[in-house]
Amino acid sequence: MLEYVVFPFFLPFSFSFILFLNLFLFINQKTTLLRSLRAKRSILGSGSHHSGLYNLSTDGIKVDEWPLTLTFEDGKREDIQLSVWDFAGQEIYGTTHQFFLSSQGIYIVAWNMEVPLEESSLEHWIWSLCTRAPKAPVILVGTHRDRLPNTAVAKAMIQNAEERFAPLLKSRGSALYAFAVSCTTDQGMNKLRACLEDILVHHPQLRQEVKGSFLVLEQLVLEERLKSVQPILSWNAFQTLAVSCGLQDADARKAAEFLHHMGTIVNFANDKERHDLIVIDPQWLSDLFVSLITTKSNYANRRAVLNTKMVPHLWRSSKFPPEIHLQLLSLLERFEIIFNMSRRKTKDLVNDPIEYLVPAILPEPEPLQEIEKEWPVLREGIKHCGRVYSFLNFIPSGLFPRLLVRLLSATTGEPRVSWRHGMIISKEDEVLLIEELASQATLRVSIRGHNPVSVARVTFDAVNSLFDNPLKQNIQVFVPCVHCLMENSVDVHLFPIADCEAVAVAGEPFMYCGSDPIRTDTLVPD
């Protein structure tokens, strides 16, 4: 994200110009790339080296500032501030990155060109940006140009990436710029710097008028951040600060949106589960997430279960003092990062411990023997309800771990078998199997039992509730053929859900899998 200028004094109803934006960096080689970008004073202004940027974290997110001086089209030179967000590129962090993305930022996505495009995680992150940050400009940077056989190879790889991703980004209102660079020899760096400068100079957010009261509110938020042990405000508390700046409800919401795009706060206005929360220190929230999802070898067991006896060891940092440990666990539950396996509360995490599942760190291998033991075979008396959710090219990063938490909560079932890409949940006599088939960009949800309809309805409602409107446009929903499943067919026929709904409404008794009639009430009993 890019940020905006802060003046020493503001009048509540004056207007100021935004000179602050957010710059996001994804995937690998970001620290070296950023160091090279800043090396040339003649292109991007001040060039003053900010030591913090040389140590950008690869765990979670690291936020730092980069002061620049730009010359605008009217000839004026202005000092601006880039807020640089360094996102770790490992897939495990996808669970938490989604909360911090903004369509008002500029994104640099870097990948090592020694790795073939098809083997990199580039496509995954490009699709994430399309979903979570539409209309934001994206700069694709292939690094290690000097290690390729020749310039023609580098040019061909960049052209291939452009042809692959430019149409997709364009369809989401985003422009793609692509460069091959070497941070060792500085090849391509001048063109990259010039491109970034040009995007900044023409960015609609820069030099835009904004109410001075918004910036007064920002100062109050920053002061509150320094005082808060747990830098999170309720919407009512934030609104109280806004009122003190002369901002009523409608303007307070605009100010919250503005500060969110600036990167000063994280606002969940469009999130039903978290809309009443305002995080006034995004770095603190990221550090909280990282403290948990990087604990696999230390504090959570091999089943990704965290016993609260370990919490004092997990959160030894002064950022997370013992008196707020209970609140932190509750917060992580609200963000669907963890699930309370004990299904009860405690006031003493050590002497009356409970257990939490951390889906993001579940083991990768699929436990085939355990699945075979727990998943019922279709036979006389066992009914099946199912859905197949087919995504356009990819499943958004972090969606599946949150879905597991939501299903455990909605169904009140017990997890019987769990792995990184699937789970079996039992609810009385019914059994639910959910699988993420990442290579096919597909979620498969199945419920079996003597009467699976009620569990199926709760399950499908929970799955659908996780899809926001932009994501829904990229999903097709199907119903698998029960006859094919009974016959253990390798190629199971899929009925579009819209066709099933139309037939059910019309009262038609059959649908057809090829020439075979399939009873509608067995296909979609829910």
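Each value, and the rule that gives it
- Here the residue index of a chain counts from 1 through its sequence in written order.
- Totals for whole chains, interfaces and linings use every residue, but because this is a predicted model, local features are given only for residues with pLDDT of at least 70 and side-chain atom pairs only at 80 or more, for both listing and counting.
- Hydrogen atoms and water are omitted, and side-chain values are computed over all heavy atoms in the structure.
- Two strands are counted as paired when DSSP detects at least two bridges linking them.
- Working definition: helices are DSSP H or I runs of at least four residues, strands are E runs of at least two. Numbering for both runs from the N terminus.
- Under this scheme, a helix contributes an axis fitted over its contacting stretch, all axes are lines through C-alpha atoms, and angles between N-to-C directions fall in the 0 to 180 degree range.
- A contact between two residues is defined here by any heavy atoms of the two lying within 4.5 Å.
- Aromatic rings from Phe, Tyr and Trp, taking only the six-membered ring of Trp, are treated as a pair when their centres fall within 6.5 Å; an angle between ring planes under 30 degrees marks them as stacked, one over 60 as edge-to-face, and anything in between as tilted.
- Only protein chains enter the calculation, and the probe is 1.4 Å; a residue is then buried if its accessible area is under 20% of its type maximum, exposed if over 50%, and partly exposed in between.
- Among buried residues, the Ala, Val, Leu, Ile, Met, Phe, Trp, Tyr and Cys ones that are joined through side-chain atoms within 4.5 Å form a nonpolar core.
- What makes a salt bridge here is a side-chain nitrogen of Lys or Arg within 4 Å of a carboxyl oxygen of Asp or Glu, nothing more.

Engineer: Can you tell me about the sheet that holds strand β21 (residues 475-480), naming the residues and giving the values?
Structural biologist: Spatially, β17-β18-β19-β20-β16-β21-β22 is the arrangement adopted by the seven strands of the open sheet, whose pairing is antiparallel. Each end of this open sheet is capped by a strand with a single partner; those strands are β17 (414-419) and β22 (494-496). Shown here is a sheet whose adjacent strand axes are inclined to one another by a mean of 20°, direction ignored. Here three bridges tie β21 to β22, and the two strands are oriented antiparallel to one another. Each bridged residue has a counterpart across the sheet, and for P480 the counterpart in β22 is L494. Running over the sheet, helix α18 (residues 497-506) touches β16 (383-391), β21 and β22 and is turned about 70° from β22.

Engineer: Could you give an account of the packing of aromatic side chains, with specific residues and numbers?
Structural biologist: Think of a pair of aromatic rings as described by two things: how far the centres are apart, and how the planes are tilted against each other in angle. For the structure shown, the criterion picks out eight aromatic pairs. On the numbers, 5.7 Å between centres and 45° between planes, the contact of F214 with F258 is tilted. With a gap of 44 residues between them, F214 in helix α7 (residues 212-227) and F258 in helix α9 (residues 249-262) connect regions that are remote in the sequence. Taking relative accessible area as the criterion, F258 reaches 10% and is therefore assigned buried. Centre to centre, the rings of Y389 and F467 are 5.8 Å apart; their planes meet at 65°, and the pair counts as edge-to-face.

Engineer: Can you lay out the environment of I265 for me, pointing to particular residues and giving the numbers?
Structural biologist: Within the element layout of this structure, I265 appears in the loop between α9 and β11 (266-267). You can call I265 buried: its relative accessible area is 1%.

Engineer: Talk me through the nonpolar core; I want residue IDs and the actual numbers.
Structural biologist: With 97 residues, the main nonpolar core has L285 and F467 as its most contacted residues. Excluding residues within four positions of it along the chain, F467 makes contact with Y389, F391, L399, L443, K472 and I475. Grouped together as the second largest cluster of nonpolar side chains are 25 residues, L68, I139, F179 and I199 included.

Engineer: Could you give me a rundown of the pattern of salt bridges, with the residues and numbers involved?
Structural biologist: According to the stated counting rule, one finds 17 salt bridges in the structure shown. Across the salt bridge formed by D287 and K319, the nearest N and O atoms sit 2.1 Å from each other. Separated by 32 residues along the polypeptide, D287 in helix α10 (residues 282-293) and K319 in the loop between α11 (311-314) and α12 (325-334) bring together distant segments of the chain. Take K319: its relative accessible area is 37%, and that puts it in the partly exposed class. Between E435 and R444 there is a salt bridge, and its shortest N-O distance comes to 3.0 Å. By relative accessible area, E435 is classed as buried at 11%. For R444, a relative accessible area of 34% corresponds to the partly exposed category. What you see here is one network of salt bridges that share partners, running through E336, R402 and R406.

Engineer: Can you explain the sheet that holds strand β15 (residues 355-357)? Please cite residues and give values.
Structural biologist: Spatially, the three strands line up as an open sheet ordered β13-β15-β14, and their pairing is antiparallel. Of all the strands in the sheet, the pair left with one neighbour each is β13 (305-307) and β14 (339-340). With two bridges joining them, β14 and β15 adopt antiparallel strand pairing. Note that in β15 the partner of F339 across the bridge is L357.

Engineer: Tell me about unusual backbone geometry, residues and numbers included.
Structural biologist: With a phi close to 55°, T412 is a non-glycine residue in the positive phi region. With respect to the secondary-structure elements, T412 resides in the loop between α14 (399-411) and β17. With relative accessibility at 42%, the residue T412 sits in the partly exposed group. For N488, which is not glycine, the phi torsion reads 55° and is therefore positive. Along the polypeptide, N488 turns up in the loop between α17 (482-486) and β22. A relative accessible area of 65% places N488 in the exposed class.

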